[in-house]
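If you want the building blocks of each chain, they are given just below.
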Amino acid sequence: MSSIKKHLSGSEKRRRKAEVEVSASKHPKISSFFSASSTPLSAADQFPSEPFESSSTAEDAVTVGTHHVDDVISVSAHTEPTTEAPTPTTPACIDVAPDESISMDDLLTETVHQVDQESAAFIHQMETDPLCGLLARKWCSIGCELVQSSNSTRQGKSNRDAMREALVCAQEVTSKLMTAIDANDKMAVQVYTSRENATLIITQAFEQLHQTIEERKNTLLSEMEAISISKTTALTLQKEQLMKMQDEIGRYTDMTSHILQTHSDHEMAALGDQLATEFKATLKKVENVSLTPNQSSDIHVSLLHIDSLINQLSIFGDVMDSASPSQSTWSSESVAKVKERYCVKVESMTSKGERYPYGGPQVKAELSHDGAVVPGEVEDHGDGTYTITLTPQTAGPHQLLITMDGQHVQNSPCDLDVGSKYSTLCNPEQVIKCSGSPCGIAIHDSGDIYVACWHDHCIRVFDQAGQQKRTIGSLGSGDGQFTSPWGLFIKGDVMYVADYGNNRIQKLTTGGQFLQSFGQRGSGQGQFQYPVSVIVDQRDRLIVSDKSNDRVVILDQAGTWLLTINGNVPGSHGFQDPYGVVLDSQGNIHVAALCSYTIKVFTPEGTYVRSYGDVKGPSGIVIDEEGYSLVTEYSGDCLSIFDSQGNKVHTVGNLFGPHSVMLDPKSGSVYVANTVAKTVLKYSV
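As the structure is a computational prediction, the values presented were derived from the model and not from experiment.

As for the nonpolar core
Counting residues in hydrophobic clusters, the biggest one holds 36 residues, and the most contacted among them are Ile-388, Ile-402, Tyr-422, Leu-630, Leu-639, Val-670 and Tyr-683. Those residues in contact with Leu-630 that lie beyond four places of it in its chain are Tyr-422, Gly-620, Ile-621, Val-622, Leu-639, Ser-640, Ile-641, Val-661, Leu-663 and Val-670. By size, the runner-up hydrophobic cluster in this structure holds 13 residues, among which are Ile-543, Val-552, Ile-554 and Val-581.

Describing the packing of aromatic side chains
In total, this model carries 12 aromatic pairs according to the counting rule given. Both rings, one in Tyr-500 and one in Tyr-530, keep their centres 4.8 Å apart while their planes meet at 20°; by these two values the pair is stacked. One end of the pair, Tyr-500, is in the loop between strand S18 (494-499) and strand S19 (504-509); the other, Tyr-530, is in the loop between strand S22 (527-528) and strand S23 (531-536), and 30 residues separate them in sequence. You can call Tyr-500 buried: its relative accessible area is 12%. Residue Tyr-530 is classed as partly exposed on the basis of its relative accessible area, which comes to 26%.

Structural notes on the side chain of His-659
Structurally, the position occupied by His-659 is in the loop between strand S34 (648-652) and strand S35 (660-663). Relative accessible area serves as the criterion here: at 6%, His-659 is assigned to the buried category.

Focus: the sheet that holds strand S32 (residues 629-633)
Across the sheet, which stays open at both edges, the 4 strands sit in the order S31-S32-S33-S34 with antiparallel pairing between neighbours. Two strands in the sheet have a free side with no partner beyond their single neighbour: strand S31 (618-623) and S34. Between one strand axis and the next, the sheet turns by 20° as a mean value, whatever way the strands run. As defined by bridge partners, S31 adjoins S32 across 5 bridges and the pair is classed as antiparallel. Residue Val-622 lies in a different strand from S32, and its bridge partner there is Leu-630.

Each value, and the rule that gives it
Residues numbered from 1 in each chain as written. Predicted model: local features only at pLDDT ≥ 70, side-chain atom pairs only at ≥ 80, totals over all residues. Heavy atoms only, no water. Core = buried A, V, L, I, M, F, W, Y, C linked by side-chain atoms within 4.5 Å. Buried < 20%, exposed > 50% of the residue type's maximum accessible area, 1.4 Å probe, protein only. Contact = heavy atoms within 4.5 Å. Phe/Tyr/Trp six-rings, centres within 6.5 Å; stacked < 30°, edge-to-face > 60°. Helix = DSSP H or I, 4+ residues; strand = E, 2+ residues; numbered from the N terminus. Pairing = 2+ DSSP bridges. Axes fitted to C-alpha atoms, helices over the stretch in contact; angles between N-to-C directions.

Printed below as a string of structure tokens:
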């Protein structure tokens, strides 16, 4: 490596030192080092006429900074031309010395050692800083070590802060754990106390049962003994009577036998028949006496329901674990939808996973969304089951929390997606075939469905079953005739038709009788160029989307021009093919422009309010009483639903060029004119 030191004159060396002093003076810790030994230089020495030329470019002028503006060290190197240039691939190592006794290398090295680590942290990064190409590698080594040391210091401080935060968190967690352990110990004591109480209750109950059974046994034995004595007494009396009769008959027998043996016939005649008569009378008595025992041997014992009683005793009493929240479960068969009742069934279980058959545990539930909490209504059925009813007020992600005696049941808390009232819309309930490309739809109070058929140039009327009842109008430009009718609106028994091809609005009765028409082709007031939709607001004004004129116009019932809305809003162009128009509950006008890919909202006076939606070819729009906007996307082949804030909450696909949508005011059913498919689809909400 070539050295430049030998090519420098004394004045040049002094100038180099001065440059270092000037730059170092901006840093208080370095300037103090130079202040004691610096020597004033002449202007010529300080500012040479020609800069040093070398392989280094102008970018090699280095400014090294720290966090603070006043902590900047600027080192500039300039030398005179030399015949020996540094090798391009090897950075030149400049060893500049202010005099022969002190080298610049040593000077810079000693200076850097006096800079604190925080200031030196930003001095050098070897990959990008050109300082390596101007100063000695010794400086690079020191700088890198300082940078590494400073980085290590900052990382150490960061780690220290993280550890301090961990300590604070650990203290909080430890406090919670100690509280939990204390609660656990208290619960263990309560369990022991409950065990002792249960033991006492069981013992006392069975002692009482034993005493009652023993008393009943003694009572039954006493009754049995009394019956036995009574029977024995009766049998004894009967026996005595029979024995007495036996003795009396025996005496007569002995006497008669003796007379028969000892007396002659003459003597027998003298005795007469008295003895024989008495003997026969005694024998006759026996006939009137029962010769069978007057008592039975049976002593009947009736132990009614003994088997049942034994069974009951075998299952008498019950010792159960209390309901365990961590084992208790919940389920729901319903779908959570905004402003609809969402029912949850909770089943309490013991710690063994057995059904807890009693009521009593306090069950609570709540549904939360963005800080708003909806409490649940809880019904305790008394058999270990509970029914919870919640009514979410907003759609979107919620958190469901269910507790039992203050502790979470299984799978609580959990995420619950609350859908909009239209979140279950998927497949149509009914498909009404309608030739002629259905466009506009209107529902009469009777429930009849009016459909404007673009290609058939008429209005078709269907009943709720989808059967066609009649048609209104035919192709033409006369009163009550149509050329490609598009939009429909029914108010009472009056029907308004946007007669697209005839560039006019017609009023008819719902029975088909012509009432009035106004408009002609053009772009002036009272003129239209393909009107698509027509509605009537609360002030009885007609609001018409004038498609090819890219405007929405407002007229009175006589057709007089009142107002034009061209859709020009800040940051956006005007309408491009406005199609569907509808009013919200505040009377604001929502406009679906086919080529605008958004819905624009205006006040009744035409002042722009806001825009919402990112839709592909919005063609039809309707708004329900809760503020939900239902928009048909002609280019997207779908129906999109937006909440009152303009957030898309649901999409119904598989449509084919839908042009309009309508709500049945009574049933809430959704009707979509699936134009290209030539059908009208009915969806139940």
